[in-house]
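Residue-level structure breakdown
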Amino acid sequence: MPNSTATAVERPEQRRNKGFEDTHQQMIETAVRLISAKGVDSLSIAAIARAMNINRTTVYYHFDSRDALLEAVKHWSAEQLARGLAVALPQQERMDFVTRFVLENPALIKLWIDDFIAPGDIRTRYPMWDALVEGMAATFAARPPEEPVDAEIYCVMLLTSAIIGPRVFINSVDPASDIDTVVQRFRQEQQRMLRHDALFRER
């Protein structure tokens, strides 16, 4: 009997926690859609409540301010970009994922770039930073000593070109180009550059 009582107490708590997490994620995804459709100025607690047909008090239960909601959106964007840079994925797949995400989410990427270049520890915005630098340093350790490579600088250049480059291209170089074409062109050039530095391997 005690065991069944404990189970009866635990299950509603588990359902409540899952419900809270699901609603929390829905709010972030709703915020992402609002920003993507109407720009960052459209984001507010009231706008989330209207879009989800819920009371503003419910939104405040999850996010105590618009700034807190905006931080959650930035974190979500960083997680998506980190997924595209996960070493477990084939290199070509990672390249395509990042370029496409950057091109399809201009408002989110602008937010992320503003945060990315602001003062502060990069690891809070890009959790895989240390692993990226260590991986590059290990790869370059085998190069001739007369060609030393600064792994940190190399990673800054790599990440910047991958995230800012596609937006510069489609905004200023060839605005008429479609996303699939830009993804393909960036992949080909990124692979050429990485082959030059002996970092690209076909899988």
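Everything quoted here is computed from the prediction, not taken from an experiment.

1. Side note on the packing of aromatic side chains
Counted under the stated rule, the structure contains five aromatic pairs. On the basis of an interplanar angle of 85° and a centroid distance of 6.0 Å, the ring pair of phenylalanine 169 and phenylalanine 186 is categorised as edge-to-face. Here phenylalanine 169, found in helix H8 (residues 151-173), pairs with phenylalanine 186, found in helix H9 (residues 179-196); they are 17 residues apart in sequence, far enough to count as distant. Relative accessible area serves as the criterion here: at 13%, phenylalanine 169 is assigned to the buried category. Grouping aromatic residues by their ring pairs yields a cluster made of Trp76, Phe97 and Phe101.

2. Details of the environment of glutamine 188
As for its placement among the helices and strands, glutamine 188 is situated in helix H9. Considered as a pair, glutamine 188 and methionine 95 are 93 residues apart in the sequence and their alpha carbons are 9.6 Å apart.

3. Quick look at the environment of alanine 72
Here alanine 72 is to be found in helix H4 (residues 66-84). Along the sequence, alanine 72 and glutamate 29 sit 43 residues apart, while their C-alpha atoms lie 9.8 Å from each other. Sequence-distant contacts of alanine 72, that is, excluding residues within four places in its chain, are made with Ile28 and Phe63.

4. Things to note about the packing of helix H6 (residues 106-116) against H8
One can describe the packing of H6 onto H8 by two numbers: an axis separation of 11 Å at closest approach and a directional angle of 140°. Judged on the interaxial angle alone, H8 and H6 are oblique. In terms of crossing hand, the pair formed by H6 and H8 is left-handed. Facing Pro106, Ile109, Trp112, Ile113 and Phe116 of H6, the residues of H8 in contact are Leu159, Thr160, Ile163, Ile164 and Arg167. Its residues assigned to classes, the contact of H6 with H8 shows eight nonpolar, one polar and one charged.

5. Side note on the pattern of salt bridges
Side chains that differ in charge, positive against negative, can pair when their charged atoms come close. Summed over the entire model, instances satisfying the criterion amount to eight salt bridges. A salt bridge links aspartate 121 to arginine 123, with the shortest nitrogen-to-oxygen separation between them at 2.7 Å. Connected through salt bridges with shared partners, the residues Arg100, Glu104 and Asp180 form a single ionic network.

6. Comments concerning unusual backbone geometry
It is generally the case that most residues other than glycine have a negative phi and that most peptide bonds are trans. A positive phi angle is found at asparagine 53, which is not glycine, with a value near 60°. Tracing the chain through its elements places asparagine 53 in the loop between helix H2 (45-52) and helix H3 (56-62). Given the relative accessible area of 72%, asparagine 53 is considered exposed.

7. Focus: H9
Its 18 residues place the ends of H9 26 Å apart at the C-alpha level, agreeing with the 26 Å of an ideal helix rising 1.5 Å per residue. If you check which residues of H9 are buried, you get Val182, Val183, Phe186, Arg187, Gln190, Gln191 and Leu194. Viewed along the axis of H9, the buried residues span an arc of 160°, placing them on a single side of the element. Where H9 is buried, its residues touch helix H5 (91-104) and H8.

8. Side note on H8
At isoleucine 164, H8 is deflected by roughly 40°, the largest bend along its length, and proline proline 166 occurs up to four residues later in sequence. When we look at burial in H8, the residues that qualify are Ala151, Tyr154, Cys155, Leu159, Ala162, Ile163, Pro166, Arg167, Phe169 and Ile170. Put simply, aspartate 150 is the residue that caps the front of H8, since its side-chain oxygen is 3.2 Å from the backbone nitrogen of glutamate 152.

9. Comments concerning the packing of H5 against H9
Axis separation between H5 and H9 bottoms out at 9 Å; the angle between their running directions is 135°. As summarised for this structure, H5 and H9 are arranged oblique, according to the angle between their axes. Crossing of H5 against H9: the hand is right-handed. Across from Gln91, Gln92, Met95, Asp96, Thr99, Arg100, Leu103 and Glu104 in H5, the residues of H9 making contact are Ile179, Asp180, Val182, Val183, Phe186, Arg187, Gln190, Gln191 and Leu194.

10. Describing the side chain of serine 42
In this fold, serine 42 is placed in the loop between helix H1 (2-38) and H2. When neighbours within four sequence positions are excluded, serine 42 is seen to be in contact with Leu34, Ile35 and Ala47.

Conventions we followed
- Residues numbered from 1 in each chain as written.
- Predicted model: local features only at pLDDT ≥ 70, side-chain atom pairs only at ≥ 80, totals over all residues.
- Heavy atoms only, no water.
- Phe/Tyr/Trp six-rings, centres within 6.5 Å; stacked < 30°, edge-to-face > 60°.
- Helix = DSSP H or I, 4+ residues; strand = E, 2+ residues; numbered from the N terminus.
- Buried < 20%, exposed > 50% of the residue type's maximum accessible area, 1.4 Å probe, protein only.
- Contact = heavy atoms within 4.5 Å.
- Axes fitted to C-alpha atoms, helices over the stretch in contact; angles between N-to-C directions.
- Parallel < 35°, antiparallel > 145°, perpendicular 65-115°, else oblique.
- Left-handed = near helix turned anticlockwise from the far one by under 90°.
- Nonpolar A, V, L, I, M, F, W, Y, C, P; charged D, E, K, R; others polar.
- Salt bridge = Lys/Arg side-chain N within 4 Å of Asp/Glu carboxyl O.
- Expected span 1.5 Å × (residues − 1).
- Arc of directions from axis to C-beta.
- Bend = angle between axes of the 7 residues up to and from the residue.
- Polar contact = N/O pair within 3.5 Å; in protein donor to acceptor, adjacent residues only side chain to side chain.

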